[in-house]
Amino acid sequence: MTDKPANTMWGGRFAMSPAEIMQEINASIGFDKQLAPQDIRGSKAHAAMLAEAGIIAKTDAREIAKGLDKIKAEIDAGTFEFSRALEDVHMNVENRLKELIGPAAGRLHTARSRNDQVATDFRLFVRDAIDGIDAALENVQQALAEKAEAHAATVMPGFTHLQPAQPVTFGHHLLAYVEMIARDRGRFADARKRLNESPLGSAALAGTSFPIDREMTAESLGFDRPMANSLDGVSDRDFALETLAAATIAAVHFSRLAEEIVIWMTPQFGFVKLSDRFTTGSSIMPQKRNPDAAELARAKVGRIASAFQGLVIVMKGLPLAYSKDMQEDKETTFDALSSLRLVMAAMAGMITDLEPNAEAMRAAAGRGYSTATDLADWLVRELKMPFREAHHVTGAIVKAAETKGVDLDQLSLTDMQAVEPRITKAVFSVLSVENSVKSRTSYGGTAPQNVAKMARQWLRRLEKARSKV
């Protein structure tokens, strides 16, 4: 019985082609074709190095470079035909290169393996993705800081346990997310710094006997240095795990903000409005305005976090060096980073579009006895009362106000003095929500002057960083 010839890229050892189901499970071209630009960059750098080291002729290297440029142009134009029969992006590119330049194409794979080739491609992809993510994170920070500056004095309730706690300003609330995103950017920058070593030249796992120049290819591809151990070079996926971890934390931050937008848009809160650009309607309820962009941003954390967890599970039991399990590293990473980019674009748009209802926020800020802490602080400051005693006295005054069904600033001085006789009418100066937020002048506090200053500092910092690019 005869069979079709084995795959010409690796078939010397095999007399028959793989079973159909084997081809199905083995092929990765459906998703790793996204690595084509990085694969071509890596191949051009490798060919140039081989020629410089005298391993292949410079004429062959020039033909290889020209052929790779033509392939890149075909991919950009959408005319390149990826073949599932050729398994992956590397074989597709190499096969097309052979069609274009003939036998010289076969010299390209000298002193390398698909193991170090894919490790290099994937690092380049993740590094490119981090650079794009950082720019998108900066855009969200810009939108938040601009909105914060505009609403540095817009009073809203601050919550703990989703219960009214103390008055803050809307600008202060938004700046909290600016700080979170700054940490996200730091995590991505750290991940980028650690991944920026080149595995190219590690070959299959043991390095190569050819006199290659790994420093040359590392420099050509923008890496800081070659990886120091060839086994580590082909088997490491820490860079993807660390990037996915940073993406997961960033997605959690955006999910929290999205959740708040969803809550704030409910009629029960009525704190903010989004325009038609970021809301949808209902097919049956004409009155509905749904914050679907926020809800979808909130949901994306599920796919991003699951990508991180999925890769952890793939990698946890793998011995060194390369195993085919590692083919599962790319598809979910591509999806997670793409999802994060979509979330960031949606969040930047919503923040810019969002309009707060200052009147509703101010009214809510005054409910729930939110200036009780200000009263306790006044007792400590003016009556020299120990804070624990002031806390107890304030609690009794809040109970009196609750019994009469009034807010703290509406409770009479007589009623307050029934709890603590030394209280004077000066206490009313701290019981309004406006005076409460104005008093929070400590560094990082919600005082409008603080918020405006911090928002301007962030805007200047972002502008300065852009001017350096």
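How each quantity is defined
Residues numbered from 1 in each chain as written. Predicted model: local features only at pLDDT ≥ 70, side-chain atom pairs only at ≥ 80, totals over all residues. Heavy atoms only, no water. 1 Å grid on protein atoms, 1.4 Å probe; cavity = no way out; pocket = protein on both sides within 12 Å on 5 of 7 lines; lining within 4 Å. Points joined across faces, edges and corners; volume = space filled by probe spheres on them. Helix = DSSP H or I, 4+ residues; strand = E, 2+ residues; numbered from the N terminus. Nonpolar A, V, L, I, M, F, W, Y, C, P; charged D, E, K, R; others polar. Phe/Tyr/Trp six-rings, centres within 6.5 Å; stacked < 30°, edge-to-face > 60°. Buried < 20%, exposed > 50% of the residue type's maximum accessible area, 1.4 Å probe, protein only. Lys NZ or Arg CZ within 6 Å of the ring centre and 35° of its normal.

Caption draft 1: Spatial organisation of empty space enclosed by the protein. Within the structure shown, the criterion is met by two cavities of 30 Å³ or more. Taken as a whole, the largest cavity spans an internal volume of roughly 50 Å³. As for the largest cavity, its lining consists of Leu144, Lys147, Phe170, Leu174, Leu257, Ile261, Trp264, Ile351 and Leu354. Among the elements of the structure, α6 (114–150), α7 (170–195) and α10 (238–265) are those that each provide at least two residues to the lining of the largest cavity. Ranked by residue count, the leading element in the lining of the largest cavity is α10, at three residues. Split into classes, the residues belonging to the lining of the largest cavity amount to eight nonpolar, no polar and one charged. Size it by volume and the second largest cavity reaches roughly 30 Å³. Forming the walls of the second largest cavity are Asp39, Gly42, Ser43, Arg112, Gln117, Thr120, Asp121 and Leu200.

Caption draft 2: Representation of the packing of aromatic side chains within the structure. As enumerated under the stated definition, the model contains seven aromatic pairs in all. Consider the rings of Phe159 and Phe269, whose centres lie 6.1 Å apart with planes at 55°: the pair is tilted. In this pair, Phe159 is assigned in strand β1 (residues 155–160) and Phe269 in the loop between α10 and β5 (272–273), connecting sequence segments 110 residues apart. In this structure Phe159 comes out as partly exposed when scored by relative accessible area, which is 28%. Phe269 gets classed as partly exposed once you look at its relative accessible area, which sits at 25%. The rings of Phe122, Phe125, Phe239 and Phe334 are connected pair by pair, giving a single aromatic cluster. When the ring centre of Phe122 is taken as origin, the NZ or CZ atom of Lys330, which lies over that ring, is 5.6 Å away.

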